[in-house]
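# Chains, contacts and geometry: an overview
The chain contents come next:
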Amino acid sequence: MRFTLAKATLLRHPLRTGLAILGVAVSAAMLLDMVMLATGMQVSFRALLVRQGFEIRLTPKGTLPFDTEARIARAADAESTLRGMSGVRGISPVLGATLHIVRGDAAAAVFALGLRPEVQGDYELVDGRHAFAPYDLVANDAFLMKTGARVGDTLTAAAGYDAQLRTYTARRRMVVSGRGRFLYLAADQAAAAVPLATLQSMLGGADSDRVSLFMVQTRPGTDTEALRTTIERAIPRATAIATADAVRTVEERLSYFRQLAFILGTVSLVVGFLLVSTLVTVSVQERVGEMAVMRAIGVSRPHIAQQVMLEGLAISVAGAALGLALGVVTAEYLNGILRSFPGLPAAIDFFVFDAGAAYRAFAMLIATAAVAGAFPAWRAASLPIATTLRTEAVS
Amino acid sequence: MSDHQAPLLRTVNVSRDYPLAGEIVHAVRGVSLDIRDGEYCAIVGPSGCGKSSLLNLLGAIDRPSRGAVELRGRDVSGMSDRQATDFRLRNIGFVFQRFYLMPMLSASENVELPMAEAGVGKRERRARAASLLSYVGLGVRTRHRPSQLSGGEQQRVAIARALANRPALLLADEPTGELDAHTGREMIALFGRLNADGTTLVVVTHDEALAQAAHRVVHMVDGRIVSDESNGFPTPPGGSGA
């Protein structure tokens, strides 16, 4: 009967109930978005760093990947040392450099990654084929837009520029073999992947045996930290960074986001609490006479309070369900806006849906709302019957 | 007095005082009253004489400042709120001047409300609600909401609700106060039928016709009983409820 009464009471004022549900939904959506934001970048960065299973990254001593123009010298020797270590399963060497795509008198500067397609973890192929042949090139959308090229086109790429002669040097004809999405680069950065040997050859000189970075896969059961230390000792001209450490560093730097998200999430909980509390209080104030009569005919205080709390709970649950859908849609929209921020890796998401965190947040919202209804409910159920009936009769 | 002649309801020197604007109002002063099973008693008196306050004490929805109220030998005035609530649920039926039906429930659901609280199963309470509404002449209006019923019909629903848990005692506070004369007469006839079927009734009223229909009329003035007269009806020794 309590459910019947609660439902009938809510339906008695459909507009008010609808607005309350909408209010709770907005609050719930905001809470969900804050939860997604608090964990999103962290989860996204972690996923990005552990993608393809590269647990250790080797960079020039004292630098972060592509932080500077520095490179690891005697790359072949370093690679050989790494392959000799029992904990190493796979190695992906990567060389970063600027290439100029020459078309007539014009040239477009692009960022090129020299790598081995069979072990690479830097791009996802969207269309065409990997850059297996020495003259192959996989480009991203920004590259294709900047150069006006399409998959299948032949281009002239130059690795150098002679300022005196005003001419591009170290040229090579290359074919756009495929289109890719470069995970660690910004979406608006024109980039291309070419075979490592090709790029080393084009750069020539000392750079023919240099790389910017080694990405290392470990064997299952390997002590990553011990291997990292071993690598640093064996190759002193490089710094070895475990992905776990990198993730930790990123997480520390994202603490501001988490704090902001926590504050805003708390605000939305408070808003939800106040909304339900206000609605229940108003509803109860209108019905003190009814409640006094219910007590007079023998309905107990706890049952009256439960009925009122059920009303608050129904609004919260309905609002939370609607808020879930609203929050996901809003997050998708906001994510799209934030991802277009210049310089951010294309694979980074700001809002990542974590089902467990979302459900915990909603459970908290619903519990908060239930508590919000409890006090006005109990207060109304505790009014003196005779006095209340007399007051109602007079009014 | 033997058990079957013991009063159903007894008040022993009950008083009720209220603080009001810095003063104490003595609404009920030292009232001692016995109501027997099957009796039909009207309490009359001028406005403010304490009739409704006395009724509230009889129905355990208020506590006396002094004295005791006993129903079937149990002192209800000393009960906790939970005990008193449960006691009212199973032993006392209330009919109010303003009906006080739940506006969002149908007639049947209003009658079912006390039964649901008493733990009666859905099927049984639905059947009993239908039976009670038929008894009060509303068998075809079970699904109507109070807003779809006339004043008299609403009061009939309220009476059916009051009878839901087969109470030992039915208390009515100005049951014809909001009704027109014709409907009021119908209500008086219904009360008469209820009592004839064995329901013990205590009615507070300004309505002379209703007071005349009762077996016994208790006059109150200024919180005290000033007279307690039989209307010439024989007082039954006991009876069964509706």
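Residues numbered from 1 in each chain as written. Chains lettered and ligands numbered in written order. Predicted model: local features only at pLDDT ≥ 70, side-chain atom pairs only at ≥ 80, totals over all residues.

### A closer look at the overall build of chain B
Across its full length, chain B carries 7 helices and 10 strands. Along the longest, intermediate and shortest principal axes, the C-alpha atoms of chain B span 45 × 45 × 40 Å. Counting across all 242 residues of chain B, residues that qualify as buried make up 52%. (Helix = DSSP H or I, 4+ residues; strand = E, 2+ residues; numbered from the N terminus. Buried ≥ 20, exposed ≤ 12 C-beta atoms within 10 Å, placed from the backbone.)

### So, the sheet that holds strand β8 (residues 200-204) of chain B
Residues and elements named next belong to chain B. Pairing within the open sheet is mixed, and its 6 strands lie in the order β6-β7-β8-β3-β9-β10. In the strand order of this sheet, the two ends are held by β6 (92-95) and β10 (224-230), each with one partner. Between one strand and the next, the sheet's axes are offset by a mean angle of 15°, whatever the strand orientation. Note that strand β3 (residues 40-44) and β8 share 4 bridges and pair parallel. Residue isoleucine 43 lies in a different strand from β8, and its bridge partner there is valine 204. Against the sheet, helix α5 (residues 151-162) contacts β6 and β7 (169-173), and its axis sits at roughly 170° relative to β6. (Pairing = 2+ DSSP bridges. Axes fitted to C-alpha atoms, helices over the stretch in contact; angles between N-to-C directions. Contact = placed C-beta atoms within 7 Å.)

### Concerning the interface of chain A and chain B
Across the boundary between the two partners, chain A contributes 19 residues, which contact 22 residues of chain B. Listed by contribution, the elements that provide at least two residues to the side of chain A that touches chain B are α1 (2-12), α9 (288-296), α10 (301-339) and α12 (385-394) of chain A. Element by element, the count of residues in the side of chain A that touches chain B is highest for α9(A), at 5 residues. Split by residue class, the side of chain A that touches chain B holds 9 nonpolar, 6 polar and 4 charged. (Nonpolar A, V, L, I, M, F, W, Y, C, P; charged D, E, K, R; others polar.)

### Describing helix α11 (residues 355-381) of chain A
All names here are of chain A. The terminal C-alpha atoms of α11 lie 38 Å apart, and with 27 residues this matches the ideal 39 Å at 1.5 Å per residue to within 8%. Where α11 bends most, the angle comes to about 25°, and this point is alanine 374, followed within four residues by the proline proline 376. Where α11 is buried, its residues meet α2 (14-50), α8 (255-286), α9 and α10. (Expected span 1.5 Å × (residues − 1). Bend = angle between axes of the 7 residues up to and from the residue.)

### What to know about α1(A)
All names here are of chain A. When α1 is considered as a whole, its buried residues turn out to be Leu5, Ala6, Thr9 and Leu10. Projected down its long axis, α1 carries its buried residues within an arc of 130°, all on one side. Exposed residues on α1 whose side chains face more than 90 degrees from its buried face are Phe3 and Leu11. Looking at the buried side of α1, the elements it contacts are α2, α8 and α10. (Arc of directions from axis to C-beta.)

### Details of the packing of α10(A) against α11(A)
Residues and elements named next belong to chain A. Packing of α10 against α11 leaves a shortest axis separation of 8 Å and a crossing angle of 150°. Between α10 and α11, the crossing angle belongs to the class labelled roughly antiparallel. In this structure, α10 meets α11 at a crossing whose hand is right-handed. On the side of α10, the interface is formed by Arg301, Ile304, Ala305, Val308, Met309, Glu311, Gly312, Leu313, Ser316, Val317 and Ala320, while α11 contributes Phe362, Leu365, Ile366, Ala369, Ala370, Ala372, Gly373, Ala374, Ala377, Trp378, Ala380 and Ala381. When grouped by side-chain class, the residues that make up the contact of α10 with α11 number 18 nonpolar, 3 polar and 2 charged. (Parallel < 35°, antiparallel > 145°, perpendicular 65-115°, else oblique. Left-handed = near helix turned anticlockwise from the far one by under 90°.)

### Some thoughts on the domain arrangement of chain A
Residues and elements named next belong to chain A. Here the domain parsing of chain A yields domain 1 (2-48 + 255-394) and domain 2 (62-236). Domain 1 and domain 2 are separated by 52 Å when their C-alpha centres are compared. A breakdown of the residues in the side of domain 1 that touches domain 2 according to their chemical character gives 6 nonpolar, 1 polar and no charged. (Domains from an automatic or database assignment.)

### Section: the nonpolar core
One finds Val24(A), Ile43(B) and Val202(B) to be the most contacted residues of the largest nonpolar core, which totals 131 residues. When residues of this core are assigned to their parent elements, the largest contribution, 19 residues, is made by α2(A). Leave out the neighbours within four places in its chain, and Ile43(B) touches Lys51(B), Leu54(B), Leu55(B), Val202(B), Val204(B), Val218(B) and Met220(B). Leu99(A), Ala112(A), Val138(A) and Leu199(A) belong to the second-largest nonpolar core, a separate cluster that totals 56 residues. (Core = buried A, V, L, I, M, F, W, Y, C linked by C-beta atoms within 7 Å.)

### Quick word on unusual backbone geometry
Backbone phi values are negative for most residues with the exception of glycine, while trans is the configuration of most peptide bonds. Residue and element names in this part refer to chain B. Non-glycine residue alanine 60 carries a positive phi angle of around 60°. Position of alanine 60 relative to the elements: it lies in the loop between α1 (51-58) and β4 (66-71). A count of 25 C-beta atoms within 10 Å places alanine 60 in the buried class. Positive phi, close to 50°, is recorded for arginine 166, a residue that is not glycine. Mapped onto the secondary structure, arginine 166 falls in the loop between α5 and β7.

### Structural notes on the confidence of the model for chain B
Looking at chain B, the pLDDT average stands at 89 and 94% of residues meet or exceed 70. Under the prediction, the complex receives an ipTM of 0.88, its pTM being 0.71. (pLDDT = per-residue confidence, 0-100.)

### Notes on the sheet that holds strand β5 (residues 74-75) of chain B
Strand order in the open sheet made by the 4 strands is β2-β1-β4-β5 (chain B), with antiparallel pairing throughout. Of all the strands in the sheet, the pair left with one neighbour each is β2 (23-35) and β5 of chain B.

### Observations regarding the environment of Pro7(B)
Residue and element names in this part refer to chain B. Among the secondary structure elements, proline 7 is positioned in the segment before β1 (9-20). Put simply, proline 7 and valine 221 are 214 residues apart on the chain and 24 Å apart in space, counted from C-alpha to C-alpha. If sequence neighbours within four positions are ignored, proline 7 has contacts with Asp34, Ile35 and Arg36.

### A closer look at the pairing of strand β1 (residues 56-60) of chain A
All names here are of chain A. Most of β1 sits inside the fold, with 5 of its 5 residues counted as buried. In the sheet, β1 pairs with strand β10 (residues 238-242) via 5 bridges, with the strands oriented antiparallel. Across the sheet, threonine 59 pairs through a bridge with threonine 239, a residue of β10. Pairing of β1 with strand β9 (residues 213-218) involves 3 bridges; the strand directions are antiparallel. The partner of isoleucine 56 across the bridge, within β9, is valine 216.

### As for the environment of Val293(A)
Turning to its location among the elements, Val293(A) is positioned in helix α9. Residues Val293(A) and Arg74(A), 219 residues apart in the sequence, show an inter-C-alpha distance of 91 Å.

### Topic: the environment of Ala109(A)
All names here are of chain A. Take alanine 109: it is sitting in strand β3 (residues 106-115). By the C-beta count within 10 Å, which is 13 here, alanine 109 ends up partly exposed. As for alanine 109 and threonine 147, which are separated by 38 residues in sequence, their C-alpha atoms are 9.3 Å apart. Aside from chain neighbours lying at most four places away, what touches alanine 109 is Thr98 and His100.

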